[in-house]
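# Survey of secondary and tertiary structure
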Amino acid sequence: MPDVPADRLLITVAPTGAETSKQDCPQLPTTLEELVKAAQECEAAGAAMVHVHIRDDEHRPTLDLGRLKETVAALREHTGLVVQLSTGGSVHDPLEDRLRVLDAEPDSCSLTMGTTNFGDDVFSNPWPFVCELYQLSQERKVVPEFELFDLGQVHALHRLLDKYGLPWGGKVHCDLVMGVPGGMNGTADALVAAVRDLPAAVTSWSATGIGRSTLAVLLAALAKGGHLRVGMEDVLTISRGVPVESNAQLVERAVAAGRLAQRTPMTPAEAKDLLGLSA
Ligand code: KMH
Ligand code: ZN
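Predicted model, so just to flag it, every value in this text is computed and none were measured.

## Overview of the sheet that holds strand E10 (residues 143–148)
- In spatial order, the strands read E2-E3-E6-E7-E10-E11-E12-E13; together these eight strands close into a barrel with parallel pairing. Sheet twist, expressed as the mean angle between neighbouring strand axes with direction ignored, is 25°.
- In the packing of helix H5 (residues 151–164) onto the sheet, the strands contacted are strand E7 (108–112), E10 and strand E11 (173–178), and the crossing angle to E10 comes to about 150°.
- Each of strand E3 (49–52), strand E6 (82–85), E10, E11, strand E12 (204–209) and strand E13 (227–230) is contacted by helix H9 (residues 268–275), which is oriented at about 55° to E6, the strand it contacts most.

## Concerning H9
- Counting buried residues along H9, six of its eight residues qualify, which places the element largely inside the surrounding structure.
- Taken together, the buried positions of H9 are Pro268, Glu270, Ala271, Asp273, Leu274 and Leu275.
- Positive backbone phi, at 80°, marks Gly276, one or two positions downstream of H9.

## Here's the deal with the environment of Arg100
- Tracing the sequence through the fold places Arg100 in helix H3 (residues 95–100).
- Owing to a relative accessible area of 39%, Arg100 belongs among the partly exposed residues under this scheme.
- Along the primary structure Arg100 and Leu133 are separated by 33 residues, whereas in three dimensions their C-alpha atoms are 9.4 Å apart.
- Within the structure, the side chain of Arg100 is placed 3.2 Å from the side chain of Asp97, a separation counted as a polar contact.

## Notes on the packing of aromatic side chains
- Scanning the entire structure with this criterion turns up four aromatic pairs.
- Members of the aromatic cluster, each reached through a chain of ring pairs, are Phe118, Phe123 and Phe149.
- The cationic tip of Arg159 hangs over the ring face of Trp127; the distance from NZ or CZ to the ring centre is 4.1 Å.

## Looking at the site of ligand 1
- By nearness alone, every residue bordering ligand 1 is listed as Glu19, His51, His53, Ser86, Gly88, Gly89, Val91, Ser110, Phe118, Phe123 and Glu233.
- Within the side chain of Glu19, an N or O atom sits 2.8 Å from a nitrogen atom of ligand 1.
- Within the side chain of His53, an N or O atom sits 3.1 Å from an oxygen atom of ligand 1.
- Burial of ligand 1 by the surrounding chains reaches 97%, relative to a free accessible area of 300 Å².
- The residue makeup of the shell around ligand 1, split by class, is three nonpolar, six polar and two charged.

## What about the pattern of salt bridges?
- For the structure on display, the rule yields 15 salt bridges.
- A salt bridge links Asp234 to Arg229; its shortest N-O distance comes to 2.8 Å.
- Arg229 gets classed as buried once you look at its relative accessible area, which sits at 6%.
- When salt bridges that share partners are traced, they join Glu147, Asp175, Arg229, Glu233 and Asp234 into one network.

## Re the nonpolar core
- Core analysis: the largest hydrophobic core is formed by 73 residues, its most contacted members being Met113, Phe146, Leu176, Leu191, Trp205 and Val251.
- With sequence-adjacent residues up to four places away left out, Trp205 is seen in contact with His173, Cys174, Leu176, Leu191, Val195, Leu198, Ala221, Lys224, Gly225, Gly226 and His227.
- Counting residues in each nonpolar core, the second largest holds eleven residues, with Leu10, Met266, Ala271 and Leu274 among its members.

## Remarks on the packing of helix H1 (residues 32–45) against helix H2 (residues 65–78)
- Axis separation between H1 and H2 bottoms out at 10 Å; the angle between their running directions is 35°. Viewed along their axes, H1 and H2 form a crossing whose handedness is right-handed. Of the residues in H2, those touching H1 at Leu32, Leu35, Val36, Ala39 and Gln40 are Glu70, Thr71, Ala74, Leu75 and His78.
- Looking at the contact of H1 with H2, its residues break down into six nonpolar, three polar and one charged.

## What about the environment of Pro61?
- Within the secondary structure, Pro61 sits in strand E5 (residues 61–62).
- Residue classification places Pro61 among the partly exposed positions, given a relative accessible area of 33%.
- With residues near it in sequence (within four places) discarded, Pro61 still touches Ala18, Ile54, Arg55 and Ser90.

## Some details on the side chain of Thr20
- For Thr20, the position within the fold is in the loop between strand E2 (11–13) and H1.
- Dropping the residues within four chain positions of it, Thr20 is found in contact with Cys25, Leu28, Arg55 and Leu236.

## Brief notes about the side chain of Glu145
- Examined against the element boundaries, Glu145 turns out to sit in strand E10.
- Although buried, Glu145 forms no salt bridge, and the nearest oppositely charged side chain, Arg229, lies 4.6 Å from it.
- Excluding residues within four positions of it along the chain, Glu145 makes contact with Met49, Gln84, Ser108, Cys109, Ser110, Leu111, His173, Cys174, Asp175 and Ser206.

## A few points about H2
- Taking 1.5 Å as the rise per residue, H2 with 14 residues should run 20 Å; its terminal C-alpha atoms sit 20 Å apart, in good agreement.
- Of all the positions in H2, only Leu68, Thr71, Val72, Ala74 and Leu75 are classed as buried. The buried residues of H2 occupy an angular sector of 165° when projected down its axis, which confines them to one face.
- The inward-facing, buried residues of H2 abut H1, E3, strand E4 (54–55) and E6.
- Two or three places before Gly66, at the opening of H2, Asp64 has a side-chain oxygen 3.2 Å from that residue's backbone nitrogen.

Parameters at a glance
- Residues numbered from 1 in each chain as written.
- Chains lettered and ligands numbered in written order.
- Predicted model: local features only at pLDDT ≥ 70, side-chain atom pairs only at ≥ 80, totals over all residues.
- Heavy atoms only, no water.
- Pairing = 2+ DSSP bridges.
- Helix = DSSP H or I, 4+ residues; strand = E, 2+ residues; numbered from the N terminus.
- Axes fitted to C-alpha atoms, helices over the stretch in contact; angles between N-to-C directions.
- Contact = heavy atoms within 4.5 Å.
- Buried < 20%, exposed > 50% of the residue type's maximum accessible area, 1.4 Å probe, protein only.
- Polar contact = N/O pair within 3.5 Å; in protein donor to acceptor, adjacent residues only side chain to side chain.
- Phe/Tyr/Trp six-rings, centres within 6.5 Å; stacked < 30°, edge-to-face > 60°.
- Lys NZ or Arg CZ within 6 Å of the ring centre and 35° of its normal.
- Near = heavy atom within 4 Å.
- Areas by Shrake-Rupley, 256 points an atom, 1.4 Å probe, with all protein chains shown as cover.
- Nonpolar A, V, L, I, M, F, W, Y, C, P; charged D, E, K, R; others polar.
- Salt bridge = Lys/Arg side-chain N within 4 Å of Asp/Glu carboxyl O.
- Core = buried A, V, L, I, M, F, W, Y, C linked by side-chain atoms within 4.5 Å.
- Left-handed = near helix turned anticlockwise from the far one by under 90°.
- Lys, Arg positive; Asp, Glu negative; His and termini not counted.
- Expected span 1.5 Å × (residues − 1).
- Arc of directions from axis to C-beta.

That is the geometry; function is a separate question.
In structure tokens:
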């Protein structure tokens, strides 16, 4: 597996999420058709991976296995993107449904390293669940992206890797999810602290800042040589009071910021090498 040149920038797009309603944001891609179209536009704009949450016919979050499989197949047919399914789902999803996401055989899955207050809700990730999901990802040959919402979860990643070894594929990729009310602050200082504490086994990391923290986190991540996640899961305004028009608009902004930092958007093939998916 060739090493990816250091100037390459992985841009992951998280186009939908589980928190925003279609009613509040009609431009949110919630149908399969809209999701595929958004993914194609984002790939053309410079994204290499898509982090996927799906919705039902009423646009509500769902982890329906049939729909997940159909979504993976459609994204593989119509894009070259690395397909990452969310195992976080919505705060209301039972743990067993979240484990079953791996039955849809994505390339990658998100794996959150601990329980987090999530606004007024709780995003539940008890340690035994984290361990079970991790071992399942190793068994099923799905590459995890470790989602880190606070510094305690950075520490938990050390424990997980010490206990169960490396992910399938041998690479360790993390995403710092910052600025969630209940998680770590979306600031350059918090990002520097989290990056400093990452396990030595980490081979790549990205960051995303929720809402207002999005630009501070994006710029700090570039300054520290990290990768980026952007998308309407994380932010719905492009500037104060101005709604995001499309996910591609956010990818385009990430590409432009990356260019200023002399980084070149990574292709999906390079992303597969980075993540250990080319074996
Ligand atoms: N929707 C959040 C409760 C993930 O995708 O793994 C969890 C989340 C993380 O979005
Ligand atoms: Zn998510």
